[in-house]
Amino acid sequence: QVQLVESGGGLVQAGGSLRLSCAASGRTFSGYIMGWFRQAPGKERAFVAVISRSGGNTYYADSVKGRFTISRSNAKNEVYLQMNSLKPEDTANYYCATSRAPFGSTYIKDFGSWGQGTQVTVSS
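Quick notes on the rules
Residues numbered from 1 in each chain as written. Predicted model: local features only at pLDDT ≥ 70, side-chain atom pairs only at ≥ 80, totals over all residues. Heavy atoms only, no water. Disulfide = S-S within 2.5 Å. Helix = DSSP H or I, 4+ residues; strand = E, 2+ residues; numbered from the N terminus. Pairing = 2+ DSSP bridges. Axes fitted to C-alpha atoms, helices over the stretch in contact; angles between N-to-C directions. Buried < 20%, exposed > 50% of the residue type's maximum accessible area, 1.4 Å probe, protein only. Phe/Tyr/Trp six-rings, centres within 6.5 Å; stacked < 30°, edge-to-face > 60°. Contact = heavy atoms within 4.5 Å.

Draft legend 1. Layout of the state of the cysteines. On inspection of all chains with the given rule, the structure shows one disulfide. Bridging Cys22 to Cys96, the disulfide has an S-S length of 1.9 Å. When the S-S torsion is 55 degrees, as for the bridge of Cys22 with Cys96, the disulfide is right-handed. A residue pair is termed long-range when its members are at least 10 positions apart, and Cys22 in strand β3 (residues 18-24) and Cys96 in strand β9 (residues 92-99) qualify at 74 residues.

Draft legend 2. The arrangement of the sheet that holds strand β7 (residues 68-73) in detail. Spatially, the four strands line up as an open sheet ordered β1-β3-β8-β7, and their pairing is antiparallel. Only two strands of the sheet have a single partner each, and these edge strands are β1 (4-7) and β7. The average undirected angle you get between the axes of adjacent strands in this sheet is 15 degrees.

Draft legend 3. Region of interest: the pairing of β1. The two faces of β1 differ: Leu4 and Glu6 on one face are buried, but Val5 and Ser7 on the other face are not. Relative to β3, β1 runs antiparallel, the two sharing four bridges. Residue pairing in the sheet places Val5 in a bridge with Ala23 of β3.

Draft legend 4. Representation of the packing of aromatic side chains in the model. Tallied over the full model, the rule gives six aromatic pairs. For the ring pair Phe37 and Trp114, a centre distance of 5.0 Å and an interplane angle of 55 degrees mean the geometry is tilted. Linking Phe37 in strand β4 (residues 33-39) with Trp114 in strand β10 (residues 113-114), this pair joins segments that are 77 residues apart in sequence. With relative accessibility at 26%, the residue Trp114 sits in the partly exposed group.

Draft legend 5. Up close: the environment of Val2. Relative to the helices and strands, Val2 resides in the segment before β1. Distance in space between the C-alpha atoms of Val2 and Val64 is 27 Å, their sequence separation being 62 residues. Residue contacts for Val2: discarding those within four places in its chain leaves Ala24, Ser25, Tyr32, Thr98 and Ser113.

Draft legend 6. Quick peek at unusual backbone geometry. Residue Asn77 is not a glycine yet carries a positive backbone phi of 55 degrees. The topology assignment puts Asn77 in the loop between β7 and β8 (78-83). With a relative accessible area of 19%, Asn77 lands in the buried category.

So far we have only geometry, and geometry alone does not tell us how the molecule works.
As structure tokens, this is what we get:
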């Protein structure tokens, strides 16, 4: 099992930026595909971004493409989400998660371990 802890959330004005971090425990971090998901009140948890084990491949939800960047440091056991040009509709609790499925999955069911989430609130 891998333990995940997100940080970096907060309140930001529309158009601003935040950088989320996810710290993972364990010795097998590089063996996991890592993803970011988000959930707003009253809404289902939704895919945001995913990154391959080596960090060489990424994929984004259309709603964040061009604004968000996912990256990882296997040496530090961390994954990041740089969020630029934030919009009020980005307001949500953001979660990182791990997957051992083939790269490319955006389905929640393919991600086994989850962090506790970090809240991002974007004011208009």
